[in-house]
Amino acid sequence: MNLVTAVIVEGAIESGKKDREATARYKQYDFKKLIPKMRKMFKEIDQNEDNLLTRDELLKAPETVRLELLDYMQGGEESLEELFDLLDVDNSGEVDIDVDDSG
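Residues numbered from 1 in each chain as written. Predicted model: local features only at pLDDT ≥ 70, side-chain atom pairs only at ≥ 80, totals over all residues. Heavy atoms only, no water.

> What should I look at first to understand the pattern of salt bridges in this one?
Pairing between side chains of opposite charge can happen when their charged atoms approach one another. Enumeration over the complete set of coordinates arrives at 4 salt bridges. The partner of Lys37 in a salt bridge is Glu68, with the nearest N and O atoms 2.5 Å apart. Taken as a pair, Lys37 in helix α1 (residues 2–45) and Glu68 in helix α3 (residues 63–73) lie far apart in primary sequence, 31 residues in all. The exposure class of Lys37 is partly exposed, given its relative accessible area of 44%. Put simply, Arg55, Glu81 and Asp85 are held in one network by salt bridges that share partners. (Salt bridge = Lys/Arg side-chain N within 4 Å of Asp/Glu carboxyl O. Helix = DSSP H or I, 4+ residues; strand = E, 2+ residues; numbered from the N terminus. Buried < 20%, exposed > 50% of the residue type's maximum accessible area, 1.4 Å probe, protein only.)

Here it is as structure tokens:
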């Protein structure tokens, strides 16, 4: 009986792992489709028009842009902070709007 339970549990764990991997791949694909739209939104947010987005510029984005980004991130205000942290891969405090998205 214990062996059968162990096999079932192991199968469930493996299935859950595959589901998480599939979900991550879907989110990555979904995000890649969103990049052109995000680039347009970021240009709208970029107050000093230097093609670099700062955390402050993101947090002061127009309401329509903020709501759209919050909807994508499925969260509250802290989600905008998370989004910036994800995009600021070099921790420079700025995100290059025109970064290559082919990878």
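> Would you take a moment to explain α3 for this structure?
Since one α-helical turn is 3.6 residues long, residues separated by three or four positions face the same way. For α3, the full list of buried residues reads Val65, Arg66, Leu69, Leu70 and Met73. One side of α3 carries all its buried residues, which in axial view fall inside an arc of 130 degrees. Facing away from the buried side of α3, by more than 90 degrees, are the exposed residues Glu63, Thr64 and Asp71. Gln74 occupies a position one or two residues after α3 and carries a positive phi of about 55 degrees. (Arc of directions from axis to C-beta.)

> What am I meant to see in unusual backbone geometry here?
Comment: phi is negative for the bulk of residues other than glycine, and the bulk of peptide bonds are trans. In this structure, Asn51 takes a positive phi of about 60 degrees despite not being glycine. Counting through the fold element by element, Asn51 comes out in the loop between α1 and β1 (52–54). Backbone geometry at Asn91 places phi at a positive 55 degrees, although glycine is not the residue there. Tracing the backbone through its elements, the reader meets Asn91 in the loop between α4 (77–87) and β2 (94–96). Exposure remark for Asn91: the relative accessible area of 66% places this residue in the exposed category.

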